Amino acid sequence: MKAHDAMYIGGQWRPAVGQDTIAVVNPADEQVIGHVPAGTAEDVDAAVRAARDAFPGWAATAPAERAARIAALRDVLVARKDEIAETVTAELGAPLGFSQAVHAAVPILVAGSYAELAATYSFEEKVGNSTVLLEPVGVVGAITPWNYPLHQIVAKVAPALAAGCTVVLKPAEDTPLTAQLFAEAVEEAGVPAGVFNLVTGLGPVAGQALAEHEGVDLVSFTGSTAVGRRIGATAGAAVKRVALELGGKSANVILPGADLAKAVNVGVANVMGNSGQTCSAWTRMLVHEDQYDEAVATAVAAVAKYTVGDRVGPLVNAKQQARVRGYIEKGVEEGARLVAGGPDAPLGTGYYVAPTVFADVTPEMAIAQEEIFGPVVSILKYADEDEALRIANGTVYGLAGAVWAADDAQAVAFARRMDTGQVDINGGRFNPLAPFGGYKQSGVGRELGSHGLSEYLQTKSLQF
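Residues numbered from 1 in each chain as written. Predicted model: local features only at pLDDT ≥ 70, side-chain atom pairs only at ≥ 80, totals over all residues. Heavy atoms only, no water.

- If you look the protein up in an unreviewed UniProt entry, it shows as Aldehyde dehydrogenase family protein from Streptomyces albidochromogenes.
- Here the protein is described in UniProt, under the heading Sequence similarities (unreviewed entry), as follows: "Belongs to the aldehyde dehydrogenase family." (UniProt positions renumbered as here; feature names shortened; annotations may be inferred.)

## A short note on the sheet that holds strand β6 (residues 130-136)
The strands that make up a sheet pair up through hydrogen bonds in the backbone, lying either parallel or antiparallel.
For step 1, the next point in the chain: Ordered by their spatial adjacency, three strands build an open sheet running β5-β6-β20, and the pairing between neighbours is antiparallel. In the strand order of this sheet, the two ends are held by β5 (124-127) and β20 (457-463), each with one partner. Neighbour-to-neighbour, the strand axes of the sheet open up by a mean angle of 25°, direction not taken into account.
For step 2, the next point in the chain: The pairing of β5 with β6 spans four bridges and is antiparallel. (Pairing = 2+ DSSP bridges. Helix = DSSP H or I, 4+ residues; strand = E, 2+ residues; numbered from the N terminus. Axes fitted to C-alpha atoms, helices over the stretch in contact; angles between N-to-C directions.)

## Comments concerning unusual backbone geometry
For step 1, the next point in the chain: The phi torsion at Asp360 lies on the positive side, around 55°, for a residue other than glycine.
For step 2, the next point in the chain: Positionally, Asp360 belongs in the loop between β15 (356-359) and α12 (366-369).
For step 3, the next point in the chain: Here Asp360 falls in the partly exposed class, since its relative accessible area comes to 34%.
For step 4, the next point in the chain: Positive phi, close to 50°, is recorded for Lys440, a residue that is not glycine.
For step 5, the next point in the chain: With a relative accessible area of 40%, Lys440 lands in the partly exposed category. (Buried < 20%, exposed > 50% of the residue type's maximum accessible area, 1.4 Å probe, protein only.)

Below you can see the structure in the form of structure tokens.
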């Protein structure tokens, strides 16, 4: 799609206050594919005022009508799914097949789930002699990341609209074209003016202005734990609600008796998808010492199938490429055994990193503790289930994970002891209605399904 040189505010594409722009770069060939406005605090203020003006009318709109607008939005996304996939591939670098199957398809699924939920959700209940009302919290400031540019937008905007909130979106500066496409879809779907607003810009300028704005009632942020801390502190000072989906260092625990080949192959695939740029990726593979060598050999064979430029795309930018290569070098320095891949750039052009597997990783190493956000798998060994649990729970994160066992009951028993927000049991499928979010420093609040909707509601009780 062609980049807009304007913001979407109050139902119109308006010129930005300033003249500065942000270049959008295709990470596969390092070529500029467009420019978008670098929004200022003044642009954010205009968007928030538009959202505040639209809030009373949208909050008073019947849930069935809100559901109809979300359903219409879903239908527009379906009609433009090919353009969505092509746009994500152009600005993020994901292989087109992955963009079609995940970046375009999953947000459509999530939007559809909220169209259904908005029409059926009970916004009040009787508790004794009280009627409890669930009302929209107000204006939402949504700050989204670049790694799943449309999914993260829909996962915030759809439940906010279903709840009756209005939204100001500040998308990541690396992937603003997908956000502009979404704004076009909102307009085409007939969502009333001011209910959704878009301001492109840099995080320290537009993002900070949105988080600090006194007219914003809730900040929903997905990104790094470091930035999440700052947003949480800012919101706390203003007694403002937050929903924070932050970093992860998820464990893929393979218990004795599990289908080792399947667990390893699925685990490698989980990390290689989106070039490892997934906060919930199972980047730590935990294997019993008796099966360790077999697991390493299986992982090496599995990762060899992920050819660079074909099945594994580039990282989003040069900074991210340098960061991931730095972690690979750090792993070697700390004594981990490099069994596949490495820090050398595999291609002359594009921000690529070779799919990498480390063996002989110990829990205290940086590559076992810190979020790398690249196609890097660390394989750790354990002697018994208690040690596996200590390793799995032994980071500051708790976003996701997986457990493989001979039967589901054994896997569930282990998963119940894991300090993490979501666990896949023996390869469990993605569920767009299940709550997603983290324990510990992986965040506050939940996204998706009814739990995601409840983030955008506040409670009032009427006594009779």
